[in-house]
Amino acid sequence: MTTKLFGAKVPRVEDQRFLRGQGRYVDDLLTDDPRLLHAAVLRSPHAHARIVDIDVSDVLDLDGVVAVWTWEDLTGPMAEPLPLLIPHPTLTHGRTQYALAREEVNYVGEAIAFVVAVDRYVAEDAVARIRVDYEHLQPVVGIAAARAAERTVHDDVPDNVGARMEQENGDARAAIAAAPHTLTLDLDIERSACTPMEGRGTVARWDPDTSRLTVWSSTQTSTGVRGCVAAKLGLDLAKVDVITPDVGGGFGVKVVHPWPEELLVPLAAKTLGRPVKYTEDRREHFISSAHERAQEHHVEVGFDDEGRVLGLDVEFWHDHGAYTPYGLIVPIITSTQLLGPYKPQNYRVVFESLYTNTVIVTPYRGAGRPQGCFVMERTMDAIAAYLGKDRTEVRSANFIQPDEFPYEHGLIFQDGRELTYDSGDYPASLAKLKELVGWDEFEDFRAEMAAQGRRVGIGLACYVEGTGVGPYEGAHVHIETSGKVKVATGLTTQGQGHQTAFAQIVADTLGVRFEDVEVTTGDTRKMPYAVGTFASRAAVMSGSAIHLAALRAKEKALRIAAEALEASEEDLEIADGVVSVKGTDASIDLGTVAVLSNPLRYAFDEASKAATQFSVGDPGKPPVAEGDEPGLEGKDFYSPPRSTFANGMHAVIVETDPDTAEITILKYAVVHDCGHLINPMIVEGQIHGGVAQGVGGALYERMAYDESGQLLNASFMDFLMPYVTEVPTSIDIDHLETPSPLNPLGIKGAGEAGVIPSAAVFAAAIEDAEGFPITAMPISPSELFELRLAHADEPDPTEAPTRSTP
Amino acid sequence: MSIPGAEQLHDVRLHVNGSVHEVQVPARRLLSDALRHDCGLTGTHVGCEHGVCGACTILVDGRPVRSCLMLAVSAVDAEITTVEGLTEDDGSLSPVQQAFSDCHGLQCGFCTPGFLTTITAGLADNPDPSEEEAREMIAGNLCRCTGYQNIVKSVLRAAELGKGDE
Ligand code: FES
Ligand code: FES
């Protein structure tokens, strides 16, 4: 019997090529094609300006330069603004940029001209020769300036408000007014960014012999890019193939499509008849891809003596940058997901999404949830401090209970579906977390540390994460005559180990050897119907689709094998790629079944020779019976009624240095529930990576724009991403598995979990160590130092462990 | 690839992974670009081009060097090892590579070649690092995916595997 692979720590198959330097990322492609051309982009040095004139006359004189485009050179749909991908009725003033700026630039980094040359160095030389006359306009930088609206980003968007959205369940304001206790909090988070190690990249090749365009893109959605390229270039969809090879991390930023370069590269390749490559450099990634996180929140909450929330009213302002290609996904997620595992009796949320003259904002791992979690968890901590209660008690008083699932919040989620949680057991998770981090023993530890003159604090934060959003994914499973199984699913992969996790599912479902399964992702030639890899949806969506497709292939295999073995299907089992009649010696290889499935009888291999001993099919009927197809294949799609909801809780113990105000992580604990685990090793890896990104977001990362809209830290030297020296030395992880009833595998998705509670959990722990409220993140040592000075008159925190009541 | 026109080209002979690559490059061509685009050794990755991320780390005469901070013309007399050259002669993984596979020390794999070369050199210096020393060994390389815990484990595991080889 084949050992069960689902749930096992199977080593990853993709590692073999990565470890040998044989991965194929976009910039690795076509390197030996002498016809390959390279592109570079002229980007705006100004945050807000009108373009008076662009002079490219010096460019083509340069040896090696092949072509240059400005907006004037674009025609048809390419000259129109880029698509607004996810329109929403409340996005009343959605605006998108042009592939190349037309008349106006709205952020530093906006693409103005596109140069193609024999070499990237030469293309950059050429870019430097382009002369642009600007008429400077005053920029709007930051949420405060956007709200003040003394100036606007777009002339036709009053007050910089792109969208205003409100949702309410019950009557929050009345409930707060009637509540025994109320609190008000203002909570801010700054901009950060995905910053994958590989930036964006696109290669395109036009084949005049077949009139086909092939585009390779480092994207999180091949089908999305394909649709955009076809539409913008006026090509039939059937003429465009998009392939996503290995991708060096995405974390959200690569789900945006089309990036200007994703259109300009194919345009250039088709126009010039030569392959063209664009590889973003690090500075370009900072100033011209996307950021996230910046939001300011105002909270009013009413609660009873137990800390039960009776009414919660949240107002917040979201900085979406200069354009809104990806709609309102991020603030909608904040507005709904801030509820976490709790059930406020009455909830109202309203947000405004604001234009600023800074680079666009699109989902970054966690996508609006870190902000929401920060808001809710800071509120829980504030309630606990006010009532003088343990912070875990207040949370327990507000938890949705295990018997209350499915739990309806009476709100609409980002996918347009009801916000209804599928499953979870929050009290059990909290019990595990307290145990894991040593919550109940912490006061002893604090005293011990205080005796040594050391200052420590503990914090916890809980979250619920809507995962596995629809609408669908599909899969195709093909059992070849060799017995090898080829699987294709359309979504892409950026390091999550899909080739391994999906192969585990297929091996188990079909009963074949793991080594015999090969999975292809993100290739529109193999699976043209797909959505993409984001929102922790890959395992849920494609995993389920792959399982269903494998079941179909299996059904067919059993039908044919039953006929060949003259047995009944119920008596058959498949293990290690062999179908056998239970309890007998009678068996047939799956590869041989694959031959039998196709009445084309040429004995070109061993499997076909073997097949000649069996006879299947009714000789009275056509060789391929009506309703049947040749080949041993299965194809299916999975489309969920609504999102799954994973959840988790993190706790951290920090030490704050009395002199330098540096924050050191002493212990980090995670309890995580993403339903059934396909490969715990991969899930834990995702948590490790998420926690590191969260530590960065909470303590170091911020986009330092000056008032003129220049990003002052657009390099790895200045934007502080965690190295090994900044992350916890170990992370204690415990899993809870409450399976989702919404999909056949009971899985929920785990990609973003690690990052969601970071700002909240660190703020809580620092607050606990210092004894004054922490309301803005990230927090640098110098900021903590300033806060200490501001709160210097308050009592010694080592003697008053919880924050003073507001 | 040669660049036509005014730019003066230099004949450069690069010794990489035991083979000789004759390339013609302008003086300004980064070694990272020469390896990737002229020699076709795309295993070496470029994450920042300003010497901070470590993704482009290669071994130059056995020492870890950021190939984005070196010009191809200055590498003429050196013995270069890239990630492609780390595997054993029989094609099996080196202890460091094997350790990464054992410990799930990589996710997207983009930073991995720089870690593998850095650690290979680090273990040559210090074959038996403590956990603290293992962390120090990789403290100059950025990884956005793994959170580093498993990379630290990989260093220690590689040391173990390396000892087994002796
Ligand atoms: S690419 Fe050389 S150090 Fe980052
Ligand atoms: S594995 Fe992706 S950057 Fe390290």
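The structure presented is a predicted model; accordingly, all values stated were derived computationally and were not measured.

Criteria and thresholds
Residues numbered from 1 in each chain as written. Chains lettered and ligands numbered in written order. Predicted model: local features only at pLDDT ≥ 70, side-chain atom pairs only at ≥ 80, totals over all residues. Heavy atoms only, no water. Salt bridge = Lys/Arg side-chain N within 4 Å of Asp/Glu carboxyl O. Helix = DSSP H or I, 4+ residues; strand = E, 2+ residues; numbered from the N terminus. Buried < 20%, exposed > 50% of the residue type's maximum accessible area, 1.4 Å probe, protein only. Axes fitted to C-alpha atoms, helices over the stretch in contact; angles between N-to-C directions. Parallel < 35°, antiparallel > 145°, perpendicular 65-115°, else oblique. Left-handed = near helix turned anticlockwise from the far one by under 90°. Contact = heavy atoms within 4.5 Å. Nonpolar A, V, L, I, M, F, W, Y, C, P; charged D, E, K, R; others polar. Pairing = 2+ DSSP bridges. Phe/Tyr/Trp six-rings, centres within 6.5 Å; stacked < 30°, edge-to-face > 60°. Core = buried A, V, L, I, M, F, W, Y, C linked by side-chain atoms within 4.5 Å. Polar contact = N/O pair within 3.5 Å; in protein donor to acceptor, adjacent residues only side chain to side chain. Domains from an automatic or database assignment. Buried area = accessible area lost by both parts, 1.4 Å probe.

J.: Quick question: what am I supposed to make of the pattern of salt bridges here?
T.: As a working rule, side chains carrying opposite charge can pair if their charged atoms are close by. All names here are of chain A. Here the structure, examined in full by the defined rule, presents 66 salt bridges over all chains. As a salt-bridge pair, Asp281 and Arg120 come within 3.5 Å of each other at their nearest N and O atoms. Taken as a pair, Asp281 in the loop between strand 12 (276-279) and helix 7 (282-288) and Arg120 in helix 2 (residues 120-128) lie far apart in primary sequence, 161 residues in all. According to the relative accessible area criterion, Arg120 is buried, its value standing at 17%. Each member of the salt-bridge network shares a partner with another, and the members are Arg43, Arg120, Glu124, Arg200, Glu261, Glu280, Asp281 and Glu284.

J.: I'm lost on the packing of helix 8 (residues 329-337) of chain A against helix 9 (residues 369-387) of chain A in this one. Help?
T.: Packed helix pairs are specified by the crossing angle of their axes together with the interaxial distance, meaning the distance between the axes. Residue and element names in this part refer to chain A. Packing of helix 8 against helix 9 brings their axes to within 8 Å, and their N-to-C directions diverge by 30°. One finds that helix 8 runs roughly parallel with respect to helix 9. Judged by the sense of rotation from one axis to the other, the crossing of helix 8 with helix 9 is right-handed. Touching Val330, Ile333, Thr334 and Gln337 of helix 8 are Arg369, Gln371 and Gly372, all from helix 9. Here the contact of helix 8 with helix 9 is composed, by residue class, of 2 nonpolar, 4 polar and 1 charged.

J.: Hey, could you run me through the sheet that holds strand 10 (residues 212-217) of chain A in this one?
T.: The pairing of strands in a sheet happens through backbone hydrogen bonds and is either parallel or antiparallel. Residues and elements named next belong to chain A. In spatial order, the strands read 3-5-1-12-9-10-11; together these 7 strands make up an open sheet with mixed pairing. In the strand order of this sheet, the two ends are held by strand 3 (65-69) and strand 11 (240-243), each with one partner. If you compare each strand with its neighbour and ignore which way they point, the axes differ by 20° on average. As paired elements, strand 1 (residues 37-43) and strand 5 (residues 111-117) share 6 bridges and run antiparallel to each other. Paired with His38 across the two strands is Ala117, which belongs to strand 5. The strands touched by helix 6 (residues 260-272) within the sheet are strand 1, strand 3, strand 5, strand 9 (201-207), strand 10 and strand 12, with strand 9 carrying the most contacts at an inclination of about 25°.

J.: I tried to follow helix 8 of chain A on my own but got confused; where do I start?
T.: Helical geometry note: an α-helix holds 3.6 residues per turn, so side chains three or four residues apart project in the same direction. Counting buried positions along helix 8 of chain A gives 9 out of 9 residues, so the element sits mostly inside the fold. All of the buried residues in helix 8 of chain A are Ile329, Val330, Pro331, Ile332, Ile333, Thr334, Ser335, Thr336 and Gln337 of chain A.

J.: Would you explain the packing of aromatic side chains in this entry?
T.: Given two aromatic rings, their pairing is described by the distance between the two centres and the angle made by the two planes. Evaluation of the coordinates by the stated rule reveals 19 aromatic pairs over all chains. Residues Trp71 of chain A and Tyr98 of chain A carry aromatic rings whose centres are separated by 6.2 Å and whose planes lie at 80° to one another, so their mutual orientation is edge-to-face. Linking Trp71 of chain A in the loop between strand 3 and strand 4 (104-105) with Tyr98 of chain A in the loop between strand 3 and strand 4, this pair joins segments that are 27 residues apart in sequence. Neither Trp71 of chain A nor Tyr98 of chain A differs from the other in exposure class; each is buried. With centroids separated by 6.5 Å and ring planes inclined at 50°, the aromatic side chains of Phe115 of chain B and Tyr148 of chain B adopt a geometry described as tilted. One end of the pair, Phe115 of chain B, is in helix 3 (residues 112-125); the other, Tyr148 of chain B, is in the loop between helix 4 (131-137) and helix 5 (149-165), and 33 residues separate them in sequence.

J.: Help me understand the nonpolar core in this model?
T.: Grouped burial of nonpolar side chains is what soluble globular proteins tend to show. Counting residues in each nonpolar core, the largest one holds 95 residues, and the members touching the most others are Leu312, Val314, Tyr421, Tyr668, Phe762 and Met777 of chain A. Residue contributions to this core peak at 8 residues, all from helix 9 of chain A. Counting 63 residues, the second-largest nonpolar core is a separate cluster that includes Cys53, Val83, Phe100 and Cys143 of chain B.

J.: Looking at this model, I keep getting lost on the side chain of Asp246 of chain A. Mind explaining?
T.: Residues and elements named next belong to chain A. Inspection of the secondary structure assignment puts Asp246 in the loop between strand 11 and helix 6. Here the side chain of Asp246 touches Arg17 through a polar contact of 2.7 Å, side chain to side chain. Reaching out from Asp246, the side chain makes a polar contact with the backbone nitrogen of Arg24 at a distance of 2.8 Å. Every residue in contact with Asp246, bar those within four places of it in the chain, is listed here: Arg17, Phe18, Gly23, Arg24, Tyr25, Val26 and Glu198.

J.: Teacher, can you tell me more about the domain arrangement of chain B here?
T.: When the parts of a complex come together, some accessible area is lost, and that lost area is often taken as the interface size. Residue and element names in this part refer to chain B. Considered domain by domain, chain B is made up of domain 1 (9-85) and domain 2 (95-163). On the side of domain 2, 14 residues touch domain 1, which itself brings 18 residues to the contact. Taken together, the two surfaces of domain 1 and domain 2 that pack against each other cover about 1,100 Å², and 59% of this comes from carbon and sulfur. Applying the counting criterion to the domain 1 and domain 2 interface returns 1 salt bridge.

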